[in-house]
Amino acid sequence: MRKGEQTRTLILNEAVALASQVGLEGLSIGSLAGRLAMSKSGLFAHFGSKEELQLQTLRQAQTLFYEQVFSPALKQPRGLPRLRALFSNWLVWVERKGDLSGGCLMLAASAEYHNRPGAVRDLLVAGQRELRGAIAKAIRLAIDEGHLKPQTDPWQLTFELFGIVLAAQHDLRLLGDARAPERAGDALERLIEAHRGFQSPQETDTIEPQGGRLP
């Protein structure tokens with residue numbers, strides 16, 4: 001990676017970290033400049049406007065989510081092992097501390113922009129639709145492998161999985177309930193049990209996040 005690209009990646013990673021705490025609406029070139037100890041004019045040259053900063057920050061968050069949640073899960077065998085790894089990595093992403101101490105930026109932005117038209121909302125909606133489609137595909141593969149019942153509705157199960165993650169983020173971030181990830185894992189297992197097929201996957205009872213415990 002060239003120096004200019006490295007600098008841009010560093011800036012965007014800091015923007016993601018800041019936005020996870022103050023929201024995309026709270027993100028500005030001025031607040032980011034203060035965090036990076038850079039001049040506003042220097043950052044303005046990179047982005048040109050607050051909206052462009054928000055868009056590029058959201059794209060970077062989506063890229064990080066894929067790299068740290070989805071991509072490692074794809075290394076697991078198809079079916080329940082992959083679905084469980086995806087869910088486990090997602091919970092690690094939600095409860096992450098340090099650089100993303102505010103939690104999942106996309107989930108937080110969904111509340112910010114659910115009724116706010118514009119380019120940021122459009123990008124957010126497109127990313128969330130793509131995510132749901134990818135989860136539904138993982139569920140269909142679990143059905144094909146015989147791990148889930150043939151009559152399982154992939155989109156309904158995707159809806160319920162999403163609901164568990166939303167509840168985990170809410171209870172962990174708003175209520176400070178440290179048991180939220182454990183509760184989410186229990187909810188997932190009950191959901192799987194309700195749809196379990198006849199073919200048992202070769203898997204351990206607990207799958208560690210393949211992305212590793214993120215710093």
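Structure shown above.
In what follows, the accompanying structure is described. (Residues numbered from 1 in each chain as written. Predicted model: local features only at pLDDT ≥ 70, side-chain atom pairs only at ≥ 80, totals over all residues. Heavy atoms only, no water.)

## A closer look at the packing of aromatic side chains
- Per the stated rule, a full pass over the model turns up three aromatic pairs.
- Both rings, one in Phe65 and one in Trp90, keep their centres 5.9 Å apart while their planes meet at 80 degrees; by these two values the pair is edge-to-face. Of the two residues, Phe65 is situated in helix α4 (residues 50-73) and Trp90 in helix α5 (residues 80-95); the sequence distance between them amounts to 25 residues.
- Residue classification places Phe65 among the buried residues on the basis of a relative accessible area of 6%.
- Ring centres of Phe65 and Trp93 lie 5.5 Å apart, and the angle between their planes is 90 degrees; on these two criteria the pair is classed as edge-to-face. (Phe/Tyr/Trp six-rings, centres within 6.5 Å; stacked < 30°, edge-to-face > 60°. Helix = DSSP H or I, 4+ residues; strand = E, 2+ residues; numbered from the N terminus. Buried < 20%, exposed > 50% of the residue type's maximum accessible area, 1.4 Å probe, protein only.)

## Topic: helix α8 (residues 154-174)
- Here α8 spans 30 Å end to end across 21 residues, near enough to the 30 Å set by a 1.5 Å rise per residue.
- All of the buried residues along α8 are Pro154, Leu157, Thr158, Leu161, Phe162, Ile164, Val165, Ala168, Gln169 and Leu172. Here the buried residues of α8 occupy an arc of 150 degrees about the axis, which is enough to place them on one side. Counted as exposed and oriented over 90 degrees from the buried face of α8: Phe159 and Leu174.
- Buried residues belonging to α8 abut α5, α6 (105-113), α7 (119-144) and α9 (180-195).
- Two residues or fewer after α8 comes Gly176, characterised by a positive phi angle close to 70 degrees. (Expected span 1.5 Å × (residues − 1). Arc of directions from axis to C-beta. Contact = heavy atoms within 4.5 Å.)

## Quick word on the environment of Arg78
- Checked against the element boundaries, Arg78 lands in the loop between α4 and α5.
- When its relative accessible area of 40% is taken as the criterion, Arg78 is described as partly exposed.
- C-alpha separation for the pair Arg78 and Ala138, spaced 60 residues apart in sequence, amounts to 7.5 Å.
- Residues in contact with Arg78, not counting those within four places in the same chain, are Leu141, Glu145 and His147.
- Looking at Arg78, its side chain comes within polar contact range of the side chain of Glu145, at 3.1 Å. (Polar contact = N/O pair within 3.5 Å; in protein donor to acceptor, adjacent residues only side chain to side chain.)

## Considering the layout of surface pockets
- Empty space within the second largest pocket amounts to approximately 360 Å³.
- If you go around the second largest pocket, you meet 16 residues; those closest to its centre are Gln62, Phe65, Gly127, Glu130 and Leu131.
- Where the lining of the second largest pocket is concerned, the elements lending two or more residues are α4, α6 and α7.
- Top element by residues in the lining of the second largest pocket is α7. It accounts for seven residues.
- Residue composition of the lining of the second largest pocket, by class: 12 nonpolar, three polar and one charged. (1 Å grid on protein atoms, 1.4 Å probe; cavity = no way out; pocket = protein on both sides within 12 Å on 5 of 7 lines; lining within 4 Å. Points joined across faces, edges and corners; volume = space filled by probe spheres on them. Nonpolar A, V, L, I, M, F, W, Y, C, P; charged D, E, K, R; others polar.)

## Quick look at the packing of α4 against α6
- Running from N to C, α4 and α6 point in directions that differ by 140 degrees, and their axes come no closer than 10 Å. Overall, the two elements α4 and α6 adopt an arrangement that is oblique. Across the interface between the two elements, Gln54, Thr57, Leu58, Ala61, Gln62 and Phe65 of α4 pack against Leu105, Met106 and Tyr113 of α6.
- For the contact of α4 with α6, the residue count by class is six nonpolar, three polar and no charged. (Axes fitted to C-alpha atoms, helices over the stretch in contact; angles between N-to-C directions. Parallel < 35°, antiparallel > 145°, perpendicular 65-115°, else oblique.)

## With respect to the environment of Glu112
- Structurally, Glu112 can be placed in helix α6.
- Judged by relative accessible area, which is 22%, Glu112 ranks as partly exposed.
- Setting aside chain neighbours within four positions, we find Glu112 in contact with Gly23, Leu24 and Glu25.
- Polar contacts involving the side chain of Glu112 include one to the main-chain amide nitrogen of Glu25, which spans 3.1 Å.

## Remarks on the packing of α4 against α7
- Their axes nearest at 9 Å, the elements α4 and α7 cross at an angle of 15 degrees. Between α4 and α7, the angle is such that the two are roughly parallel. Crossing geometry of α4 relative to α7 is assigned as right-handed. Across from Glu51, Gln54, Leu55, Leu58, Arg59, Gln62, Phe65 and Phe70 in α4, the residues of α7 making contact are Ala119, Val120, Leu123, Leu124, Gly127, Leu131, Ala134 and Ile135.
- Here the residues of the contact of α4 with α7 are counted per class, giving 11 nonpolar, three polar and two charged. (Left-handed = near helix turned anticlockwise from the far one by under 90°.)

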